[in-house]
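Residue-level listing of the chains:
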Amino acid sequence: MAHLIAPSVLAADFLHLADALDIINSSEADWLHVDIMDGQFVPNISFGQIVMPFLKKGSTKPLDVHLMIEEPIRYIDEFIDLGAEVVTIHIEADRHLHRTIQHIKSKGVKAGVALNPHTSVDLLDDILEEVDLVLLMSVNPGYGGQKFIYQTIPKVKKLRAKAIERNLDFHIEIDGGVGLQNAGALLEAGADVLVAGSSVFKSEDPLLTIKRLKSISSPF
Ligand code: DX5
Ligand code: ZN
């Protein structure tokens, strides 16, 4: 199965958001990654419900919404109503992960769980059957443009081994510091969705960068 590319709109020029979305729309990207930050779970505040309708209207790609917020259950229905097609919440931000995952799926969208760099994939052992996607943070969440944490690679391998052993087909998405320099290694390790913010939007030719990310061969 070909891997998916999800450019992160956080790195776009918001003065020219429509142009940025047009580029993504005409590209080989699969999803548009949308980073929602609350200033509590992560130090930064990004954007929220006010911006979502514009992203929904301007994007032809499914919205892959990454909720970096405490107690995400408070906002999940709202983001789904605003057009999220993948909703990912953090394991560190929700005391009732199983219930929240069931709730997201009951709304007919994909449910993802995200792990910070320090969080072991072993903590997912009792929920893996339930999730559509696992997002491994490869930087500390809160900001775009950070340096990739290499310890992510063995985490991806370990998670892929669990998926194979248990015959599960959830997505493994990697988020933070991903670009042409490490995409091959991540796919080789078992990832199948790559989020790319700065490496796409700050590149000279975003369309070409997406094409290159998409054309790397993937064993899974
Ligand atoms: C970080 C966000 C990422 C961010 C990635 O907290 O979750 O999605 O946009 O940006 P880059 O690709 O620039 O590291
Ligand atoms: Zn993200």
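Analysis parameters
- Residues numbered from 1 in each chain as written.
- Chains lettered and ligands numbered in written order.
- Predicted model: local features only at pLDDT ≥ 70, side-chain atom pairs only at ≥ 80, totals over all residues.
- Heavy atoms only, no water.
- Near = heavy atom within 4 Å.
- Polar contact = N/O pair within 3.5 Å; in protein donor to acceptor, adjacent residues only side chain to side chain.
- Areas by Shrake-Rupley, 256 points an atom, 1.4 Å probe, with all protein chains shown as cover.
- Helix = DSSP H or I, 4+ residues; strand = E, 2+ residues; numbered from the N terminus.
- Buried < 20%, exposed > 50% of the residue type's maximum accessible area, 1.4 Å probe, protein only.
- Contact = heavy atoms within 4.5 Å.
- Phe/Tyr/Trp six-rings, centres within 6.5 Å; stacked < 30°, edge-to-face > 60°.
- Pairing = 2+ DSSP bridges.
- Axes fitted to C-alpha atoms, helices over the stretch in contact; angles between N-to-C directions.
- Donors = N, O, S within 2.8 Å, 3.2 Å for Na, K, Ca; no water.
- Tetrahedral: all angles 85-135°; square planar, octahedral: opposite > 155°, others 65-115°.
- Arc of directions from axis to C-beta.

### Concerning the site of ligand 1
Near ligand 1 lie 20 residues; those nearest to it are Asp35, Gly142, Asp175, Gly177 and Ser198. One nitrogen or oxygen atom from the side chain of His33 is found 3.3 Å from an oxygen atom belonging to ligand 1. Contacts to ligand 1 include His66, whose side-chain N or O atom sits 3.2 Å from an oxygen atom. In the complex, 99% of the free accessible area of ligand 1, which totals 380 Å², lies under the protein chains.

### Section: the environment of His3
Structurally, the position occupied by His3 is in the segment before strand S1 (4-7). Under the relative-accessibility criterion, His3 is labelled buried at 2%. Put simply, His3 and Leu213 are 210 residues apart on the chain and 9.3 Å apart in space, counted from C-alpha to C-alpha. Contacts of His3, omitting those with residues within four sequence positions, involve Asp30, Leu187, Asp192, Leu213, Lys214, Ile216 and Ser218.

### Overview of the packing of aromatic side chains
The full count for this structure, using the stated rule, is two aromatic pairs. Judged by centre distance (5.5 Å) and plane angle (40 degrees), the rings of Phe14 and Phe47 are tilted. Taken together, the residues span a long stretch of sequence, with Phe14 in the loop between S1 and helix H1 (17-25) and Phe47 in the loop between strand S2 (32-37) and helix H2 (52-58) at a distance of 33 residues. Looking at Phe14, the relative accessible area reads 36%, which means it is partly exposed. Where Phe148 meets Tyr150, the ring centres are 4.9 Å apart and the plane angle is 85 degrees; that geometry is what we call edge-to-face. Judged by its relative accessible area of 7%, Phe148 is buried. Exposure remark for Tyr150: the relative accessible area of 52% places this residue in the exposed category.

### Some points on the sheet that holds S2
Strand order in this open sheet of eight strands is S1-S8-S7-S6-S5-S4-S3-S2, and the pairing throughout is parallel. A single partner strand is all that each edge strand has here, and the edge strands are S1 and S2. The sheet shows a mean angle of 25 degrees between the axes of neighbouring strands, direction not considered. The sheet contact formed by strand S5 (residues 110-115) and strand S6 (residues 133-137) spans four bridges and is parallel. Bridged to Leu115 within S6 is Leu136. Helix H8 (residues 206-215) rests against S1 and strand S8 (193-196) of the sheet, and its axis sits at about 150 degrees to S1.

### As for the coordination of the zinc ion (ligand 2)
Summarising the metal site, the zinc ion (ligand 2) is bound by the protein donors His33 (NE2), Asp35 (OD), His66 (ND1) and Asp175 (OD), whose distances to it range over 2.0 to 2.2 Å. One can describe the donor arrangement at the zinc ion (ligand 2) as octahedral, given that its six donor atoms subtend angles of 70 to 170 degrees at the metal. Given a relative accessible area of 0%, His33 falls into the buried group.

### Re helix H4 (residues 97-106)
Of all the positions in H4, only Leu97, Thr100, Ile101 and Ile104 are classed as buried. In an axial view of H4, the angular spread of the buried residues amounts to 100 degrees, which keeps them on one side of the axis. Turned more than 90 degrees away from the buried face of H4 sit Arg99 and Ser106, all of them exposed. For H4, the elements touching its buried residues are helix H3 (76-81), strand S4 (84-90) and S5. With its phi angle positive at about 85 degrees, Gly108 sits one or two positions after the end of H4.

### Quick notes on the side chain of Ser27
Its place among the elements puts Ser27 in the loop between H1 and S2. Given the relative accessible area of 9%, Ser27 is considered buried. Of note is the side chain of Ser27, whose polar atom sits 2.7 Å from the backbone oxygen of Ile24. A polar atom in the side chain of Ser27 sits 3.0 Å from the backbone nitrogen of Ala29.

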